[in-house]
Structure formats: structure tokens, C-alpha cells
Amino acid sequence: MTSPPPLSGIRVLELAGLAPGPFAGLLLADYGATVLRLDRATPETHGPNPPQPTNDQLTRRKSSIAVDMRSPGGLYFIKALIPHIDILIDPFRPGVLEKVGLCPKTVLMALNPRLIVARMTGFRRDGKYAQMAGHDINYIAVSGVLSMLGRLNEKPYAPGNILGDFAGGGAVCFMGILLALLERGRSGRGQVVEANMVDGSAYLGTFPRLGRKGWSWGGERGRNVLDGGCPYYDTYETKDGGFMAVGSLEPHFFDALLKGLGITKSDLPGPREDPSTWPELRTLFTRLFQTKTRAEWEKVFDGTDACCTPVLTQGELEEQGYDQRPIVTLRDTPSLAIVANVDKESDVAVRAAKGQGAGVEGEGWDENGLSPSVGGETVLEEWVGWRRGKQFDVDRGGLVLKQNSKL
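Note that this is a predicted model, so its numbers are computed, not measured. (Residues numbered from 1 in each chain as written. Predicted model: local features only at pLDDT ≥ 70, side-chain atom pairs only at ≥ 80, totals over all residues. Heavy atoms only, no water.)

**Things to note about the overall build of the protein chain**
A tally of helices and strands in the protein chain yields 14 helices and eleven strands. Taking the principal axes of its C-alpha atoms as reference, the protein chain extends roughly 90 × 55 × 45 Å. Out of the 407 residues in the protein chain, the part that is buried amounts to 45%. When contacts within the protein chain are restricted to residue pairs at least 6 apart in sequence, those whose partners lie at least 24 apart make up 67%. With the model as given, the accessible surface of the protein chain reaches about 21,100 Å², and the carbon-plus-sulfur share is 53%. Seen as two clouds, the 46 positive and the 48 negative side-chain charges of the protein chain have centres 7 Å apart. (Helix = DSSP H or I, 4+ residues; strand = E, 2+ residues; numbered from the N terminus. Buried < 20%, exposed > 50% of the residue type's maximum accessible area, 1.4 Å probe, protein only. Contact = heavy atoms within 4.5 Å. Areas by Shrake-Rupley, 256 points an atom, 1.4 Å probe, with all protein chains shown as cover. Lys, Arg positive; Asp, Glu negative; His and termini not counted. Charge placed at Lys NZ, Arg CZ, Asp CG, Glu CD.)

Dropping the structure here:
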């Protein structure tokens, strides 16, 4: 029988930010934690007509309160809430929390020794970049990873903000939080988790970094097996403008690729292991893939071991009803579901992979965002029994504790 998600009962206060911090909060929420986002207070927040949603799209299952943490009343409100939460996500540049009077070590953890403070920065907290502004492209640039990405004789190419913000940032921060929760289970103590996108991205680049002194990544950018240099590990345009992805590295997979393409080894310019043959081999593959549409190539390669698949677009997947699933399957305590009607799935393994519960609006394809102050007062009542007019009031759009309120 399925049990609740593993983070059920965990309370998270997520200080509003963009990309990596909210992504860590999203992962926590999907696995059962209650995530309350703390937004900036404006005159409209906590009023009868909430403001428009923020630019944050990673809001699944979250609620919001608005607090002016720079005001004495707002600061006192946050400090009063700290003893009642398990995790605080700090997305700010180094020194911001300390400046407003919320130093993790001397203030927050003094108020709640079990608190886990997850701090997410772009650059490392030490070194010459520590106080500089940056974005994903800058973080992976100084990590050394960006220099390895791109085609031969072309400039380095950043893969969106997936590698730095989300993989090296939010997902690594999430991992750090889980490790801190494990340690708290042993010691009873919380701690500060410091994640940054430079070290996270560099760690993800362990394999190519170590491969620089071997055959797999030893060449310049764009000449190696897995970075677009090898013609049988690449993408090819089809007759109708689609693309096929080829990953036929092993000899028996390569043989299956040749069979699907309708050629034999005698048609090749030379041994596939010889990089000097790769330019001509790529030209051959390019010409062959242009002879059929992507759908026709799918019929050729589906069900084979050629390691040749279509490059599907997000729009196609959405139109086809592709079900978005949680990041990892826990068979006995699955994540909360993203898609609806999971309970109608007859296969137990697939049902666990899809998660549990009712799913969410948009099913992973659309997100309406979260307006500051929406839903948060309900969470406060559930967590600590606080109600507006009793324990707290609204001052200029921000929540503040009432004088002499009984907490």
C-alpha cells in the first residue's frame, strides 16, 4: 500500500527568488513538503485583490505570504515564525540575510537549532567573483564547463540555463537539504547548506574533466566522442526538417545503424574508430538522413538497438499527451503526482512512477504562477494557528505580529 510522500510534514519557508531557489522548493513540494514562499510586501498584497503573479513559474503546490523583512515589524514576524519551520531557502547574494538581521548562524539557528538554512548562490562565497552579479552563463563559464560545450571552430555554446541554474544549482541545493535532513535525524541539529552553481556545475562536469587526459575528451572542443565531434554520436536533419539523434557508440549498435541506413561497412570511408574518417562519414550520414522524413526514419529504427531516436519537441510531446513525471520514482512512498487520474493506472510500477494524489492544473505543461500573499494565511493557521486580527495584522501590505500577541 502506498504511504505518504517522504517529505510529508516538512515545513519550508522559501524566500522569493528566481530559478534555482524556487526549483529546490518545487522538488521539496513535489515530495510532500509544505512550501510557503515569502514575497516582498507591496500596498496590494494581503488585500482584497491580490497583485498579478510574479515571474516565478516554479510554484506548483506553493502558497505565499508577503512580509517586509527590512521593517522592524516584518523582521519580528519572520523571527517568530522561524521556530516553527524545518527549512529556509535563501536565494540571495552573500551578506543579504546578515544585513537585514537574519544571520543564519547567530540569529536563525539560535531561534531554531533544528533549522536547515539552504543558501543558494551563483558564484562561490569566496574568491574574486563572490560579490559580483552573474547569470547561469557566467557561473558555468568560470566553472570550466562552458569551455567544453560547442561545435568545432565555433565559440562556446551555453545550453540554456539548464546546467547552471537547475542541475548545478537547484537540484544540488535539494540534494544538500536532503543530506542535512538525514544528519538532523541522527544528531537532532540543523545546519547551513551552502550550494553554488559554479561548484555544482563543475561537479556535474566530472566525467569530461577527467576525460581530458584520455581518449574520450582529450581533443579540442568539438573534436571528441561525446561533444559533437563523432559522427555516430550526433544529430541529423531529415527530409522534412526534423532531426534524428544518433548514439551508436558500441560496435553492435553501429551495425544496427548501418542496417537501418541501408549501407554496409564497405560503404564507409574507413574504420569508424579512425577520427580522420569522421568528416567524410558525417557527410555520408547527413546525405542519407536527408532522404527520408523523420516519421519514416522512426519506422525504420523504432524497436531496434541502433540507438537512433527522433528529437521530439516540447510542443509535440504536449500534443501527444506525454505525461510529466516526478524526477525519481520511490515505489513505496511516491512523489505527489503532476498529472491527473493516476489512480486509474493499472500497472503498479507505472503508477508509482507517475506519483500519487490528484495531480495539478496544467499537468506540467502550464503554470499560472503564484500571486504574492495568496494562500499563505491558510498555511500559517495550519502550521502555528496564527490568524489575521489575532496574532498578526497587515501593515502596508506586509504581515506583522500584533503587539502582545499570544504565540
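**A word on the sheet that holds strand β3 (residues 63–66)**
Taken in spatial order, the six strands line up as β3-β2-β1-β4-β5-β6 in an open sheet, and their pairing is parallel. Two strands close off the open sheet at either side, each with one partner strand: β3 and β6 (192–196). Neighbour-to-neighbour, the strand axes of the sheet open up by a mean angle of 20 degrees, direction not taken into account. (Pairing = 2+ DSSP bridges. Axes fitted to C-alpha atoms, helices over the stretch in contact; angles between N-to-C directions.)

**Some details on the sheet that holds strand β8 (residues 243–247)**
In space, the three strands of this open sheet follow the order β7-β8-β9, with antiparallel pairing throughout. A single partner strand is all that each edge strand has here, and the edge strands are β7 (233–237) and β9 (308–310). The sheet shows a mean angle of 25 degrees between the axes of neighbouring strands, taken without regard to direction. Of the strand pairs in this sheet, β8 and β9 are connected by three bridges, and their pairing is antiparallel. Residue pairing across strands places Met244 opposite Pro310, the latter belonging to β9. The strands touched by helix α10 (residues 278–289) within the sheet are β7, β8 and β9, with β7 carrying the most contacts at an inclination of about 40 degrees. Packed on one face of the sheet, helix α11 (residues 294–301) meets β8 and β9 and runs near 35 degrees to β8.

**Quick look at the pairing of β8**
Two strands pair when backbone bridges link them, and β7 and β8 are joined in this way by five bridges, in the antiparallel orientation. When the sheet's bridge partners are listed, Tyr236 is paired in β8 with Met244. The antiparallel pairing of β7 with β8 creates a hairpin that spans five residues between the two strands, and Gly241 there sits at a positive phi of about 90 degrees.

**Looking at the packing of aromatic side chains**
By the definition in use, this model includes twelve aromatic pairs. Relative to Tyr139, the ring of Phe123 lies with its centre 4.8 Å away and its plane at 85 degrees, an arrangement referred to as edge-to-face. Taken as a pair, Phe123 in the loop between β5 (116–121) and α5 (136–143) and Tyr139 in helix α5 lie far apart in primary sequence, 16 residues in all. The side chain of Arg272 reaches across the aromatic face of Phe254, ending 4.8 Å from its centre. We note Lys292 situated over the ring of Trp297; from NZ or CZ to the ring centre the distance is 4.8 Å. (Phe/Tyr/Trp six-rings, centres within 6.5 Å; stacked < 30°, edge-to-face > 60°. Lys NZ or Arg CZ within 6 Å of the ring centre and 35° of its normal.)

**Looking at unusual backbone geometry**
Notably, Asn341 is not glycine yet its phi reads approximately 60 degrees, a positive angle. In this fold, Asn341 is placed in the loop between α12 (314–319) and α13 (348–354). Of note, the phi angle at Glu363 is positive, near 50 degrees, even though the residue is not glycine. Mapped onto the secondary structure, Glu363 falls in the loop between α13 and α14 (376–384). Taking the relative accessible area as the measure of exposure, Glu363 reaches 32% and is therefore partly exposed.

**Here's the deal with α11**
Restricting attention to buried positions, one finds in α11 the residues Arg294, Trp297, Glu298 and Phe301. In a view along the axis of α11, the buried residues occupy a sector of 105 degrees, so they form one face of it. Buried residues along α11 sit in contact with β8, α9 (251–261), α10, β9 and α12. At the exit of α11 stands Gly303, carrying a positive phi of roughly 85 degrees. (Arc of directions from axis to C-beta.)

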